[in-house]
There are 2 protein chains.
Amino acid sequence: MDASRTELSWSGWGDPAQARPLPAAILGLLRDGLGVSRPNPVPTASEQVELEPIRLAPKIAAGLVALVGDPYARHDHEARLRHALGKSTLDLLALRAGRRLPAPDLVLLPGSHDEVLAVLKRCAADRVAVVPFGGGTSVVGGLVPEAEQFSGVVALDLLRLNDLAGLDEESRLARLGPGLRGPEAEALVGARGYTIGHFPQSFEYATLGGFAAARSSGQASAGYGRFDELVMGLRVATPAGTLDLGRSPKSAAGPDLRQLILGSEGALGVITELTVQVRPVPASCRYDGWRLESFAVGQEAVRRLTQDGPRPTVLRLSDEAETALGLAAPDQLGSGGEGGSLAIVGYEGTDDEVQRGAQAAAAVLRDAGATPVPAAGPDWNRGRFHGPYLRDALLDAGALVETLETAAFWSALPELYRAVTRALTQSLANQGTPAVILCHVSHVYLSGASLYFTVACAQREDATTQWREAKAAAMAAIGLAGGSISHHHGVGRDHRAWLVDEIGQLGVAALTAVKRELDPTGVMNPGILVAS
Amino acid sequence: MDASRTELSWSGWGDPAQARPLPAAILGLLRDGLGVSRPNPVPTASEQVELEPIRLAPKIAAGLVALVGDPYARHDHEARLRHALGKSTLDLLALRAGRRLPAPDLVLLPGSHDEVLAVLKRCAADRVAVVPFGGGTSVVGGLVPEAEQFSGVVALDLLRLNDLAGLDEESRLARLGPGLRGPEAEALVGARGYTIGHFPQSFEYATLGGFAAARSSGQASAGYGRFDELVMGLRVATPAGTLDLGRSPKSAAGPDLRQLILGSEGALGVITELTVQVRPVPASCRYDGWRLESFAVGQEAVRRLTQDGPRPTVLRLSDEAETALGLAAPDQLGSGGEGGSLAIVGYEGTDDEVQRGAQAAAAVLRDAGATPVPAAGPDWNRGRFHGPYLRDALLDAGALVETLETAAFWSALPELYRAVTRALTQSLANQGTPAVILCHVSHVYLSGASLYFTVACAQREDATTQWREAKAAAMAAIGLAGGSISHHHGVGRDHRAWLVDEIGQLGVAALTAVKRELDPTGVMNPGILVAS
């Protein structure tokens, strides 16, 4: 739809040209260690994937198309397929399973806030479900609505809302379109000497609107903040009208409604413009690798750096298993080396800030018994967005691979780590598929941190059920151990059943009340976040 | 009610023993410069203030009293009066006007979350309005409900919810009762070596529950963060049940509902426990005074320190008028000295951090042409909580004195400053009372800052109407200039009409929907925040 833009692969991650074969050592480990034996490749052509037939009445569709103009509407197989799923392992397995997939009946590409508003009002009147679509990188089923009760499904691709509407250099704020992918937004503000500093693993393909709607957190969150901390203003189209939020960095004008839209996952409305904090592009960046004796010792060191400083820009700690596999640098998989727990400690800023930060951090880390691993920092930086490619190759080979993440206060972290690891291990062992569980800390706060798990085992015949069982066990463990049901992936449909663990029945009722007000006919991403 | 606790004066600020007479220079200025000539003292005894009669039916009252126990209920004149008003100038003028005042029919002092919950459920059933009461320091009419449609009013004084339920040193989190005043909470965590770091001007008398419910911001917000940034967990009793929020520092489990309770001003429920970030008590504190050429030049310097560092813990900049009057140090009023714009730049931390911060800040400030004012930092620190005493003395003398505050992004700040100053000046001049308008910046963010105005002129006969007119003019100017309707005072009843300027009709509707869900019969602080 835009020739200059690499389309996200319909069947996996990113640009297939970037994918690499698995190292022989890994194939051996999969076969011998995990019993992976049956390859499960994706269909070779998108036409092989069957989609449910279009059910939106032509008259309704025509009325919607008229709101954005003919050149900006699609209902061909390719467009429907590309907007049908996100990028969770369940999504990728669904493509491989050869089942007929639900897909939007119509893809619309609105060109303005007013067009979005008009589409939403029309959809509300005609009972058409609306799926706001940014990068299409959801890993929690955020793009697959429960649309049975609706007359059809429209995917609202925000691709065209991609401008830099203004840069306020004094306030260091950029007004940006929600359809901008990470690199596109960075290029726009970068040309003026600024960076947003938001670099999640999905950076290359996910969009600003998605970062906001799903409360994304980037690899440099320790330095720049999470995306929900970078958003100062939001314009939102809802079926009930427009919300313009954010007249100042902070306010005491009642509850902060920006924080109600952040994390709303398209279930309340569509973010049509974001005002985002920017900072000068750092003159210097340095990422150091350090080996700690163990994950536990490493966590102590990471906590000390976070609480007492110097707070790094990037701070990441792999557990022993992840370190052994070398997963901190996906390009170097299998090269983990000498055991222990690998930390990546990065500083960005002026030359002086970076040097002082790295030096002071070195003192803290050496005090914790850490030794430098010179290649690890640059290796991590080189491969920092490549993890998802690896998953595609592993799924093709017949491995079941998925990630899940949680967060907790520091004191709860060790038990949360044990409980989730145990739950995943036991669930998959009980299913006859011994698993490898890897974990890292990658987002830190004064009071706590995130845990990011990667799970790998052999796919059973019904790998979807297999993963759902393991995931349910992990979510139950998270609930008991007091962790958050998601640190940065979001709720979507996949986590919806557990939202009550985090905010209670009354919290869910409060959210549902907001949804009823902003979206009275419930057309916005039905079944996502709260029940439809 | 607690012998060890200095009661907040019923007729003014704080502990009357701390009040001081106005310096002669100020009395002269009031008389000669502003035409202040008619003293307006408070009644000498609380019995002189007439309250509306109790209207809550004895049977309903008895049912409510039974829920907390007889020793924890009051309906005497003194208790009703002490819970009738906050500490806005309008409140203080109402006491002086000799009008009969609305007051709660009954004051209850619940001892637990469950008792609060039981009271709320009973009040909802019996249609009794409930005013959650912390320190009683609201300056926006947050304690004066619109209760005509209800069968009576209960003030729920949270005094007894005052314990440190737990201190998690690893996560640096304290679980604290909402009824704790600032110094009480600091004493509890201070005994273990920690500080919350939240020091608003109301610190000595306001409570943690109020800090949270009204989105308070303290004088050291640049270093420790606003109170809404320090709250990691909340327990809330509502008529519809309990909310337990905050399982991790940050989460992607949908919208952050903590941010819906923060700023809810008692209109959604009662905060019964807070989990608050603490930090080690700093080894060293240093507050330096600097004189800048002008407020405009000072703002540039303050912005540079905020955006490029070293970010101070305390950062404050008085405009030329406030500097000339010496209001940055209320104890030294009238001693402003040699013109320009006075900045207070404070660092707290290790000796080394403080020294390095102060040195680097000195370089930035000298670069902006600043010269040191050695006494100003210690003077500010000594008088930092004394401003409200001054207001009492000025009101007694017959001056009309009030403060108002707003915030905006940096680029909007100069015009916001001019517009509000002009609106206040013109409105009061038109009313025949030429005014002095003072302003300072006292809370800074990467993208913007707050402006805090102090207004003084002669009281007209109907000083309430006089101030309401001036305030309306200021609020209109804020709306046009793009400022927030409040940076840290809150909405209450006094700002409610302007909430729509900040969040729009749809934002107000969304808040109202949440209120309907959590408080279906609308008994929680009716008329506060949103219309009842």
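The notes below deal with the structure included here. (Residues numbered from 1 in each chain as written. Chains lettered and ligands numbered in written order. Predicted model: local features only at pLDDT ≥ 70, side-chain atom pairs only at ≥ 80, totals over all residues. Heavy atoms only, no water.)

**Points about the overall build of chain A**
So, point 1. Across its full length, chain A carries 18 helices and 18 strands.
So, point 2. Computed over its C-alpha atoms, the radius of gyration of chain A comes to 23 Å, within 12% of the 24 Å expected for a compact globule of 532 residues.
So, point 3. In terms of overall dimensions, chain A has a C-alpha envelope of 70 × 60 × 45 Å along the principal axes.
So, point 4. Taking all 532 residues of chain A together, the buried fraction comes to 64%.
So, point 5. Taking the intrachain contacts of chain A between residues at least 6 apart in sequence as the baseline, contacts between residues at least 24 apart amount to 77%.
So, point 6. Carbon and sulfur atoms form 52% of the exposed surface of chain A, whose accessible area is close to 18000 Å².
So, point 7. Charge-centre separation for chain A: the mean point of 48 positive side chains lies 2 Å from the mean point of 59 negative side chains. (Helix = DSSP H or I, 4+ residues; strand = E, 2+ residues; numbered from the N terminus. Rg over C-alpha atoms; globule rule 2.2 N^0.38 Å. Buried < 20%, exposed > 50% of the residue type's maximum accessible area, 1.4 Å probe, protein only. Contact = heavy atoms within 4.5 Å. Areas by Shrake-Rupley, 256 points an atom, 1.4 Å probe, with all protein chains shown as cover. Lys, Arg positive; Asp, Glu negative; His and termini not counted. Charge placed at Lys NZ, Arg CZ, Asp CG, Glu CD.)

**Some remarks on the packing of helix 16 (residues 413–430) of chain A against helix 17 (residues 463–481) of chain A**
Residues and elements named next belong to chain A.
So, point 1. In contact at an axis separation of 8 Å, helix 16 and helix 17 are set at 155° when each is read in the N-to-C sense. When the axis of helix 16 is compared with that of helix 17, the two are roughly antiparallel. Relative to helix 17, helix 16 is oriented so that their crossing is right-handed. Residues L416, A419, V420, A423, L424, S427 and L428 of helix 16 pack against Q466, W467, E469, A470, A473, A474, A477, I478 and A481 of helix 17.
So, point 2. Among the residues forming the contact of helix 16 with helix 17, the class breakdown is 13 nonpolar, two polar and one charged. (Axes fitted to C-alpha atoms, helices over the stretch in contact; angles between N-to-C directions. Parallel < 35°, antiparallel > 145°, perpendicular 65-115°, else oblique. Left-handed = near helix turned anticlockwise from the far one by under 90°. Nonpolar A, V, L, I, M, F, W, Y, C, P; charged D, E, K, R; others polar.)

**So, helix 4 (residues 89–97) of chain A**
Residues and elements named next belong to chain A.
So, point 1. In terms of burial, helix 4 is a largely internal element, eight of the nine residues being buried.
So, point 2. The set of residues buried in helix 4 consists of T89, L90, D91, L92, L93, A94, L95 and R96.
So, point 3. For helix 4, the elements touching its buried residues are helix 3 (77–82), helix 15 (387–397), strand 16 (399–409) and helix 17.
So, point 4. In the segment just after helix 4, G98 is the residue with positive phi, at about 75°.

**A few points about the sheet that holds strand 10 (residues 270–277) of chain A**
Residues and elements named next belong to chain A.
So, point 1. With antiparallel pairing, five strands are arranged side by side in an open sheet as 5-6-10-8-9. Each edge of the sheet is formed by a strand with only one pairing partner; in this case those strands are strand 5 (164–168) and strand 9 (241–245). Taken over all neighbouring pairs, the strand axes of this sheet differ in orientation by 10° on average, direction set aside.
So, point 2. Bridge count between strand 8 (residues 231–238) and strand 9: five bridges; the pairing is antiparallel. (Pairing = 2+ DSSP bridges.)

**Here we look at the relation of the copies chain A and chain B**
So, point 1. Overlaying chain A with chain B gives an RMSD of 0.0 Å, the required rotation being 180° about an axis along which the chain moves by 0.0 Å. Put plainly, the chains are arranged around a two-fold axis.
So, point 2. The residues that chain A uses at the interface reappear at the interface of chain B in 100% of cases, marking a shared surface. (Least-squares fit on C-alpha atoms with pLDDT ≥ 70 in both.)

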